[in-house]
Amino acid sequence: MKALVVFESYFGNTEKIARAVAEGLAAHCEVTVLRVADARPERFKAFDLVVVGSPTRAFRPTEGTKALLKALPAGALQGVKVVAFDTRMDVKAVNNLILTVFSGLFGYAAEPIGKALARAGGTQADLPQGFMVLASEGPLRDGELDRAAAWGEKLAA
Ligand SMILES: Cc1cc2nc3c(=O)[nH]c(=O)nc-3n(C[C@H](O)[C@H](O)[C@H](O)COP(=O)(O)O)c2cc1C
């Protein structure tokens, strides 16, 4: 099985998760990891599984991720398994009432990414996943890298 992991990352947290997912996938797959800026949507069909991850910014994926998803030709992911993840603030750790309420209302990046991948014809391999950072620029919550690697392995199995 051939898997592609595409990510965007400002402070490095999403990149760490993307590489941990790739490490998990590598137990059973040939894996390519690409930044959004280097990914060619027209080539996604060459993979059995496409994983797309973004930081959550203003309750949505990053602009680069949105542009990539928009550039997916219709049917580009027909026959391809797809799955989305994001990094997001752990509202319990941040303990900010406004963020907690707005996050509940407006959500996170992974869900719209998953929907866009499905609209392009992809078959969802799993529910969108969120990995937690403890503050705006990180760090990741303890255990998130292990969880990401285990998730990657599960996706590949
Ligand atoms: C401008 C900005 C907006 C953000 N908006 C959200 C948000 O709406 N919800 C959330 O959970 N985290 C939000 N965050 C925290 C990011 O999710 C966090 O920076 C990201 O997970 C870090 O990933 P990276 O290191 O890969 O850039 C925001 C951070 C910044 C800097």
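### Digging into the packing of helix H1 (residues 13–25) against helix H6 (residues 144–156)
- In the contact formed by H1 and H6, the axes pass within 6 Å of each other and the chain directions differ by 40°. Here H1 is positioned oblique relative to H6, judged by the angle of their axes. The crossing of H1 and H6 is right-handed. In this structure, H1 contributes Lys-16, Ile-17, Ala-20, Val-21, Ala-22, Glu-23, Gly-24 and Leu-25 to the contact, and H6 contributes Glu-144, Leu-145, Ala-148, Ala-149, Ala-150, Trp-151, Gly-152, Glu-153, Leu-155 and Ala-156.

### A look at the site of the ligand
- The environment of the ligand is formed by 20 residues, the closest being Ser-9, Phe-11, Asn-13, Thr-14 and Thr-87.
- Looking at the shell around the ligand residue by residue, the classes come out as seven nonpolar, nine polar and four charged.

### Digging into the pairing of strand S2 (residues 30–35)
- Bridge analysis of strand S1 (residues 2–7) against S2 gives six bridges, and the strand direction is parallel. Looking at S2, one finds that Ala-3 is bridged to Val-31.
- Taking the sense of rotation as the criterion, the β-α-β connection linking S1, H1 and S2 turns out right-handed.

### A closer look at unusual backbone geometry
- The omega angle of the peptide bond from Gly-138 to Pro-139 is 5°, so this bond is cis rather than trans.
- For Ala-58, which is not glycine, the phi dihedral falls at a positive 50°.
- Unlike most non-glycine residues, Asn-95 shows phi in positive territory, near 55°.
- The residue Asn-95 is located in the loop between helix H3 (91–94) and helix H4 (97–106) in this model.

Thresholds applied
- Within every chain, residues take consecutive numbers counted from 1 along the sequence as written.
- Where totals are concerned, whole chains, interfaces and linings use all residues; where local detail is concerned, this predicted model gives features only for residues with pLDDT of at least 70, and gives and counts side-chain atom pairs only at 80 or more.
- For every element, the axis is a line fit to its C-alpha atoms; helices are fit only across the contacting stretch, and the angle between N-to-C directions ranges from 0 to 180 degrees.
- Going along the chain from the N terminus, every DSSP run of H or I of four or more residues is numbered as a helix, and every run of E of two or more is numbered as a strand.
- Throughout, the term roughly parallel applies to angles under 35 degrees, roughly antiparallel to angles over 145, roughly perpendicular to angles from 65 to 115, and oblique to all others.
- Handedness of a crossing follows from how the near helix is turned relative to the far one, being left-handed for an anticlockwise turn of less than a right angle and right-handed for a clockwise one.
- Working definition of a contact: two residues with C-beta atoms, positioned from the backbone, lying within 7 Å.
- In this text, near has one meaning. A residue is near a molecule or strand if its C-beta atom, placed using the backbone, is within 6 Å of it.
- Amino acid classes used here: Ala, Val, Leu, Ile, Met, Phe, Trp, Tyr, Cys and Pro are nonpolar; Asp, Glu, Lys and Arg are charged; the rest, including Gly, are polar.
- Here a strand pair is declared whenever DSSP counts at least two bridges between the two strands.
- When the strands point away from the viewer and the path from the first strand over the helix to the second turns clockwise, the crossover is right-handed.

Shape descriptors only; they carry no functional weight alone.
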